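In case you want the letters, here they are:
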Amino acid sequence: MQTVTTSPNLYQRCLIRARTYVLNHRESPVVMLARALFSLGYLLRRLGAMIGLPLARLSAHVPGLRFAPFLSIALRDISSQMTVATEAEPFEPVRVHVLQTRAKDLFQRLDKAQPGSPDHWDTMSRIAYKTGDVATCGEMAAKAFSLREARIRDKGLDQLGFRLIPTSIFVRTIGNVAAFETYVRAGRLGLRENCRLILPLHPETKRQFAANPSYIDYWRRYIDIIEDRKELAQLKYLDEDLYVDPRVIDINGQPLPFLHSAVARIQAEWETKGLPHLFTLDEEHAARGWQALTRYGVAPGEWFVCLHVRTSGFKGGDAFREAGIEDYFDAIRAVTARGGWVIRMGDPSMPALPAMDRVIDYALSPDKSDWMDVFLCAACRFFIGTSSGLYIVADTFGRPFVQTNFLPTGAVFFRPGNLFIPKRLFDRTTGKELTLGEVMSERVSYAASNGAYRNILGLDWKDNSAKEIREVVIEMMDALDGLSAHSADEERTQAMFRDMTARNGTLPGLHNFPIRCRIGQKFLNQSHI
């Protein structure tokens, strides 16, 4: 591993040298005194934060005040309050309106006090996101990105040749990896600046908090992962602007502030150039995984699918993304009737499956491990998923997938060869089902919380039926077995559906760009476009 190049900034060089001295002279009286002073400073900062929030809230009501630190705290506080307000039951629209008005006032005062700062633009983008204002969200996020990049250039940080990946975002959930997958692919395609990507990863963080350490190790092919404590100490004092913002990516000088749209755009370019999928299982990893499967009766050469149905136990709070495992039993039987095995993925909080032939409840197995999770996703014939990030592992290994009960529809960045069906949405007042055109519209497709659907948009959702799930799984098996022969009418309706997604802006920020995968054919036949 190369030693990290440090910033030429004199202040940062002094900090790094001081940190190195501390590491090498831990028992020195000078170092012990410095540690005590730092601890005192930490306590004072905590006290300042406790006092600062009420003062910031008070200052927000003082017209003409432009003391930026208090105004910034007040604006971030409104963002937090907006999360609570949009999710509240009963919902109070007036409360949301009041918070929006206060946020706009604070933003204007902050922009006058700190015209070159990206921070208040970023906070306003988050507020707009929570209230369903897609256009403002994208505009504010793109502006924040441009200001931050300008600040990076002003500091000379763009000359260093590397960017840092935010550790907690990358390692805590597998779904977040999609953001950095896009950054990696864009670099390989020459669509962004050519620089090293560095992930600072403390060994304890990896051990305690990483969602899947084995999957992180596969990313060493594209990312420098630094775990050495001395190198981490150097990185600690580098400028925070060096960290990549995973929500926005610059493609040929144009910021694209919608993550899933960026994934779709860059994957399309990747496939146009005929580039392979990111990962292939290591031979030793594959052999170890197949050996483990033989203990469950899976013979060498037999095929299996992975099934992951999101429930509330692991994270909770996202009912619109969850589903009931019992609705998948018919699909399971359809797979096993074709001679396949079904391996249920997940975590130990999930309800146990009833005994079924050729079904392994791996989520509750004592053999569950990070490396086995990766093997199963990488070696399955295809993956059956819901609105949860585990399918991304399968995708990066080139395995096809079927996404069921899928919301938000703006996250349908899937490549050709994959299938999806969304949950059905209904108007809460009239009970009328939304057409697919409405489900795939920009405003609805960008909703990503219970409150966004129920309170901001006034919608309820209904899970896919067992019949709908079984039909789309059979459609995938037929395609892989070479049995699917779609009629001219079916191809026409698929084309109409894709054209509609382009017109309706299903993938925000991309002009006239359709989704690229198929929607389940029978689901489409039974729906209104």
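Residues numbered from 1 in each chain as written. Predicted model: local features only at pLDDT ≥ 70, side-chain atom pairs only at ≥ 80, totals over all residues. Heavy atoms only, no water.

Student: Looking at this model, I keep getting lost on the sheet that holds strand S2 (residues 196-200). Mind explaining?
Tutor: Whether parallel or antiparallel, the strands of a sheet pair through hydrogen bonds between backbone atoms. Strand order in the open sheet made by the three strands is S1-S2-S3, with parallel pairing throughout. Two strands in the sheet have a free side with no partner beyond their single neighbour: strand S1 (162-164) and strand S3 (224-226). For this sheet the average axis-to-axis angle between neighbouring strands, irrespective of direction, equals 30°. (Pairing = 2+ DSSP bridges. Helix = DSSP H or I, 4+ residues; strand = E, 2+ residues; numbered from the N terminus. Axes fitted to C-alpha atoms, helices over the stretch in contact; angles between N-to-C directions.)

Student: How should the packing of helix H5 (residues 119-130) against helix H6 (residues 134-155) be read in this particular structure?
Tutor: Helix-helix packing: each pair is described by the crossing angle between the helix axes and the interaxial distance. Contact geometry for H5 and H6: axes closest at 8 Å, N-to-C directions at 160°. Between H5 and H6, the angle is such that the two are roughly antiparallel. Of the two possible hands of crossing, H5 and H6 adopt the one that is left-handed. Contacts between H5 and H6 involve Asp119, Trp121, Asp122, Met124, Ser125, Ala128 and Tyr129 from the first element and Thr136, Cys137, Met140, Ala141, Lys143, Ala144, Leu147, Arg148 and Arg151 from the second. (Parallel < 35°, antiparallel > 145°, perpendicular 65-115°, else oblique. Left-handed = near helix turned anticlockwise from the far one by under 90°. Contact = heavy atoms within 4.5 Å.)

Student: Looking at this model, I keep getting lost on helix H12 (residues 259-272). Mind explaining?
Tutor: An α-helix turns once every 3.6 residues. As a result, residues three or four positions apart point the same way. For H12, with 14 residues, the first-to-last C-alpha span of 20 Å sits near the 20 Å given by 1.5 Å per residue. Along H12, the residues classified as buried are Ser261, Ala262, Val263, Ala264, Ile266, Gln267, Ala268 and Trp270. The elements touched by buried residues of H12 are helix H8 (177-189), strand S4 (249-251), strand S5 (254-256) and helix H16 (391-396). Downstream of H12 by a residue or two, Gly274 has a phi angle that is positive, lying close to 70°. (Expected span 1.5 Å × (residues − 1). Buried < 20%, exposed > 50% of the residue type's maximum accessible area, 1.4 Å probe, protein only.)

Student: Help me understand helix H4 (residues 93-113) in this model?
Tutor: With 21 residues, H4 extends 30 Å between its outermost C-alpha atoms, agreeing within 8% with the 30 Å of an ideal straight helix rising 1.5 Å per residue. Of all the positions in H4, only Val96, Leu99, Ala103, Leu106, Phe107, Arg109 and Leu110 are classed as buried.

Student: Could you clarify how one ought to interpret the side chain of Ser449 in this entry?
Tutor: Summarising the element assignment, Ser449 is placed in the loop between helix H18 (442-445) and helix H19 (450-456). Using a relative accessible area of 18% as the deciding quantity, one classes Ser449 as buried. A distance of 2.8 Å separates the side chain of Ser449 from the side chain of Glu87, its partner in a polar contact. (Polar contact = N/O pair within 3.5 Å; in protein donor to acceptor, adjacent residues only side chain to side chain.)

Student: For this particular structure, what's the right way to read unusual backbone geometry?
Tutor: For residues besides glycine, phi is generally negative; the peptide bonds are generally trans as well. Of the consecutive residues Glu89 and Pro90, the connecting peptide bond is found in the cis state with omega at 5°. Inspection of the secondary structure assignment puts Pro90 in the loop between helix H3 (68-87) and H4. Of note in this structure, Arg358 is not a glycine but carries a positive phi near 60°. Along the polypeptide, Arg358 turns up in the loop between strand S7 (341-344) and strand S8 (359-360). Its identity is not glycine, yet Asn405 carries a phi of approximately 50°, on the positive side. With respect to the helices and strands, the residue Asn405 is situated in strand S10 (residues 401-406).

Student: What's the story with the pattern of salt bridges in this structure? I'm lost.
Tutor: Opposite charge on two side chains permits them to pair, given that their charged atoms come into close proximity. Scanning all chains against the criterion turns up 40 salt bridges. One salt bridge in this structure joins Arg265 and Glu269, with 3.6 Å as the shortest N-O distance. Of the two residues, Arg265 and Glu269 are both situated in helix H12; the distance of four residues between them amounts to about one turn of the helix. Residue class for Glu269 comes out partly exposed when judged on its relative accessible area of 23%. As a salt-bridge pair, Arg424 and Glu468 come within 3.0 Å of each other at their nearest N and O atoms. Here the residue Arg424 occupies a position in strand S12 (residues 424-427), and Glu468 occupies one in helix H20 (residues 466-480), the gap between them amounting to 44 residues. With respect to burial, Arg424 and Glu468 carry one shared label: buried. Among the charged side chains, a salt-bridge network with shared partners connects Asp122, Arg126, Arg148, Asp245 and Arg247. (Salt bridge = Lys/Arg side-chain N within 4 Å of Asp/Glu carboxyl O.)

Student: Can you help me understand the sheet that holds S10 in this one?
Tutor: Within the open sheet, the seven strands sit side by side as S8-S7-S6-S9-S10-S11-S14. Their pairing is parallel. Edge positions in the open sheet fall to S8 and strand S14 (518-519), since each of these has one partner strand only. Pairing geometry for S10 and strand S11 (residues 419-422), over three bridges, is parallel. Counterpart to Val402 in the pairing with S11 is Leu419.

Student: Just to check I follow, could you spell out the confidence of the model for the protein for this structure?
Tutor: Low-pLDDT stretches of the model should not have their predicted coordinates read in fine detail. When the pLDDT values of the protein are averaged, the result is 89; 88% of them are 70 or greater. Considering only residues more than four positions removed or in separate chains, one finds that residues 1-8, a stretch of pLDDT under 50, has 26 contacts. (pLDDT = per-residue confidence, 0-100.)

Student: Please clarify how the pairing of strand S6 (residues 304-307) should be interpreted in this entry.
Tutor: Along any regular strand, the residues point their side chains to alternate faces of the sheet. The alternating pattern of S6 places Phe304 and Cys306 on one face and Val305 and Leu307 on the opposite face, and all of these are buried. Bridge analysis of S6 against S7 gives four bridges, and the strand direction is parallel. Bridged to Leu307 within S7 is Arg344. Bridge count between S6 and strand S9 (residues 382-385): three bridges; the pairing is parallel. Along S9, the bridge assignment pairs Cys306 with Phe383.

Student: Teacher, can you tell me more about the environment of Arg163 here?
Tutor: Tracing the sequence through the fold places Arg163 in strand S1. Overall, Arg163 belongs to the buried group, its relative accessible area being 4%. A sequence separation of 32 residues divides Arg163 from Cys195, and the C-alpha atoms of the two residues are 6.9 Å apart. Those residues in contact with Arg163 that sit more than four places away from it in its chain are Glu149, Ile152, Tyr183, Glu193, Cys195, Arg196, Leu197, Ile198, Leu242 and Val244. Among the polar contacts made by the side chain of Arg163, one reaches the side chain of Glu193 at a distance of 3.3 Å.

Student: Would you mind going over the nonpolar core with me for this structure?
Tutor: For soluble globular proteins, nonpolar side chains are generally found buried alongside one another. One finds Phe170, Tyr215 and Leu376 to be the most contacted residues of the largest nonpolar core, which totals 118 residues. Not counting residues within four places of it along the chain, the set of residues in contact with Tyr215 comprises Ile174, Val177, Phe279, Val374, Ile392, Val393, Thr396 and Phe397. Grouped together as the second largest cluster of nonpolar side chains are 19 residues, Leu75, Trp121, Met124 and Leu147 included. (Core = buried A, V, L, I, M, F, W, Y, C linked by side-chain atoms within 4.5 Å.)

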